[in-house]
Each structure stands twice: as structure tokens, then as C-alpha cells.
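A closer look at the structure
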Amino acid sequence: ISGTVVTGSGTGVLGDSKTFKTFSTADGYYLFDGTRGNGIYTYDGRNQTRIPGSLWLDADNRFNTSYDRAAVDAHTYAAWTYDYFRNVHNRNSYDNAGAELVSTVHYGRSYNNAGWTGSQMVYGDGDGYNFRAFSGSLDVVAHELTHAVTDFTADLIYQNESGAINESMSDIFGTLTEYHFNNNPDWLMGEDIYTPGTPGDALRSMADPTLAGDPDHYSKRYTGTQDNGGVHINSGIGNKMAYLLANGGTHYGVKVNGVGNDKVGKIMYRTLTQYLTPTSNYSHFRASAVRAATDLYGSSSAEVASVKQAFSAVGVY
Ligand SMILES: O=C(O)[C@H](CCc1ccccc1)CC1(C(=O)N[C@@H](Cc2c[nH]c3ccccc23)C(=O)O)CCCC1
Ligand SMILES: [Ca+2]
Ligand SMILES: [Ca+2]
Ligand SMILES: [Zn+2]
């Protein structure tokens with residue numbers, strides 16, 4: 001279809017106003033952003049599980065109904081996450097070749113989850129008690145898109161320790177994206193969509209994974225079979241490491257000198273894209289991060305020392 005790129009406006013899941021790129025055609029305005037890579041496309045799942053559903057079409061380029069909100073945020077936050085990887089890491093979409101970013105909102109009926117299907121993002125509406133619409137949280141959108149980056153780079157197998165590192169990388173870049181846009185940033189995951197009736201809690205805490213019952217030290221790792229061998233549980237070890245590497249602190253008696261968010265982003269991005277492999281475990285994660293930091297800052301740098309301290313603090317050697 002022929003048309004022109006224009007700017008739409010709307011209301012997000014949290015009731016906040018935002019603008020985003022839309023496509024003006026004879027049919028109306030589509031949630032298609034033709035200014036980033038090969039395009040950002042947001043679809044309406046119509047509370048079914050057939051994906052992608054129908055490309056979102058609006059009559060007046062104003063997206064202010066309650067049904068519009070999940071689409072506004074999925075579309076906007078996909079663009080922001082594209083910009084984060086493009087501007088900060090010089091990566092053009094998840095395949096570094098401008099791959100289309102496709103999202104489906106209103107996926108399923110009161111679906112209490114989100115995900116990367118291997119080719120697109122899907123976002124449930126939540127049940128309104130445990131969760132609200134999952135695209136309403138920038139860290140969640142960036143988490144999902146990071147799975148796509150991981151699949152095209154390290155391709156960490158989604159189970160056991162490699163799966164936990166996969167998960168941790170998504171939480172790390174979810175959080176770094178949130179800080180990059182200064183979007184009420186924190187080291188919590190999903191705080192904007194978790195238990196709407198309870199302020200201040202979150203799905204996970206990277207600063208203190210034990211708040212969600214997840215381990216903050218390798219000696220406390222889960223070794224069972226639930227959750228694909230604890231991928232969302234043992235991610236706490238990598239998450240705590242990253243939190244300490246960014247902010248510093250003393251953990252189980254080990255002092256870590258923080259290096260700041262930007263250097264964590266550079267070290268973790270190089271680790272993910274240059275050194276991790278599908279079968280990497282936590283020990284290989286340490287070795288890979290040390291190599292990445294050495295490449296970036298030199299073997300005798302404070303940054304390399306901090307990486308070693310951070311992994312030692314969570315019991316990984
Ligand atoms: O991307 C992911 O890792 C999660 C999707 C995982 C998934 C994998 C394969 C098939 C279906 C779902 C989605 C998110 C997640 O961490 N989900 C966790 C926690 C969770 C969300 N909703 C739940 C409902 C019940 C239990 C746990 C959950 C999970 O699936 O475990 C990421 C950010 C927020 C939602
Ligand atoms: Ca409208
Ligand atoms: Ca957060
Ligand atoms: Zn994930």
C-alpha cells in the first residue's frame with residue numbers, strides 16, 4: 001500500500017502521552033514506522049493466539065482509547081529499543097541488517113506473559129491483578145528484543161546455565177535501555193506492569209534477586225527441571241553480577257568497584273556478540289567477560305579487575 005510516514009500521538013498503558021511514527025494511507029493510519037531499519041510493525045491479536053493478527057489501523061492517527069494503549073507502548077518502546085541498540089552499540093536491529101520489528105498486542109485472553117517467538121514479540125494483556133498489559137514496561141520490551149539479539153549472536157541454549165545467562169542478558173539490556181531513556185530507571189524488572197494494585201514491587205530485582213526468591217550467588221543456584229532448568233531463577237546470579245559491576249558494593253565479603261552503566265553495556269554487548277556460545281556456562285561467562293573487558297580497556301585496567309571482582313562476588317570462577 002502507498003502512503004507517507006507521519007507522527008501519531010496516543011496514550012500508553014500507564015496513561016502517559018507519547019508520539020510515534022505511523023503510516024498515513026487511504027485506509028487510515030497504520031502502526032508502521034518506516035524510519036527504522038526495514039520497519040517496525042505493530043499488530044492487533046484481537047485476544048486470539050493467531051499471530052501476527054492484523055496490522056493496527058486507526059482512523060484519525062490519535063490512539064487514546066483503552067484498547068489502543070498496549071499498542072501505543074509496544075510500538076513506541078520497540079522504536080526506543082531499536083534506537084538504543086543502534087545509537088549505543090551501532091547495531092541495526094536484532095540481526096544487524098535492519099530486520100523488521102514485529103509485535104502483537106492483545107495476544108490471547110488475559111494472557112499473563114509476553115515473549116519472543118523466534119520471529120516476533122507477543123504481549124498479553126495480563127489479568128489486571130497479577131499483571132497489566134506487558135508492553136507497558138520498557139524494560140520488558142527491551143528484554144524481549146534482547147532475546148532476538150541473543151538468538152542472532154551467542155544463541156545461548158534456553159535451558160540450564162546457558163539459558164540463565166540468556167535470561168540475564170535480557171534483564172541487563174532491558175535495564176540499560178530503561179536507564180538510557182531515563183524512563184523511571186531502576187534495577188527492577190517489570191515494575192510498571194506487575195501487580196497494578198501493589199506499588200513498589202516487581203517481577204524480579206537485579207539489585208537483590210532474593211526478593212523474588214532467586215539466587216544471588218552461584219552456590220545457591222537452582223538445579224531442578226522447572227522453568228527450563230531455572231532460566232528465570234538462576235538469571236539472578238548474572239543479574240547481581242551486573243548490578244555490582246555497574247554500581248559497586250560488597251557482596252558476601254567481596255568488594256566490587258563499580259564501573260558505571262555505560263561500561264557495563266559495552267562489556268556485556270561485546271561478551272554477548274563476540275565470545276559467548278550456545279553452550280556457555282557461568283564459568284565461561286566470566287572468562288568471556290574478562291576477555292571482552294580486556295579488549296576494551298586493557299588487561300591491567302580497573303575495568304578488568306572489576307569484572308573479576310563482580311563474578312567472584314557471586315561465586316563464579
Ligand atoms: O521472555 C521471557 O523470558 C518470558 C517469556 C518466557 C517464555 C518462554 C517460552 C514460552 C513462553 C514464555 C517473559 C517475561 C518473563 O520473565 N516471564 C517469566 C515470569 C512470569 C511472567 N508471567 C508469569 C506467569 C506465571 C509464572 C511466571 C511468570 C516466566 O515466563 O517465567 C520476560 C519479562 C516479563 C515477562
Ligand atoms: Ca483513534
Ligand atoms: Ca525496571
Ligand atoms: Zn526472557
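Residues numbered from 1 in each chain as written. Chains lettered and ligands numbered in written order. Predicted model: local features only at pLDDT ≥ 70, side-chain atom pairs only at ≥ 80, totals over all residues. Heavy atoms only, no water.

With respect to the overall build of the chain
Within the chain, the regular secondary structure consists of eight helices and 15 strands. For 317 residues, the compact-globule formula gives about 20 Å, and the C-alpha radius of gyration of the chain, at 19 Å, lands near that figure. Taking all 317 residues of the chain together, the buried fraction comes to 54%. Sequence-distant contacts in the chain: of pairs separated by 6 or more residues, those separated by 24 or more amount to 60%. (Helix = DSSP H or I, 4+ residues; strand = E, 2+ residues; numbered from the N terminus. Rg over C-alpha atoms; globule rule 2.2 N^0.38 Å. Buried < 20%, exposed > 50% of the residue type's maximum accessible area, 1.4 Å probe, protein only. Contact = heavy atoms within 4.5 Å.)

A few points about empty space enclosed by the protein
Any empty space left between atoms is shown by rolling a water-sized probe over those atoms. The tally for this structure, following the rule as stated, stands at one cavity of 30 Å³ or more. For the largest cavity, the calculated volume is near 60 Å³. Lining the largest cavity we find Thr81, Tyr82, Phe85, Arg91, Ser93, Tyr94, Leu101, Leu145 and Val149. Elements with a contribution of two residues or more to the lining of the largest cavity: helix H1 (69-89) and helix H2 (138-152). For the lining of the largest cavity, the leading source of residues is H1, giving three residues. By residue class, the composition of the lining of the largest cavity is six nonpolar, two polar and one charged. (1 Å grid on protein atoms, 1.4 Å probe; cavity = no way out; pocket = protein on both sides within 12 Å on 5 of 7 lines; lining within 4 Å. Points joined across faces, edges and corners; volume = space filled by probe spheres on them. Nonpolar A, V, L, I, M, F, W, Y, C, P; charged D, E, K, R; others polar.)

A word on the environment of Ser93
Positionally, Ser93 belongs in the loop between H1 and strand E9 (101-105). Ignoring anything within four residues of it in the chain, the contact list for Ser93 reads Tyr82, Gly98, Ala99 and Leu101.

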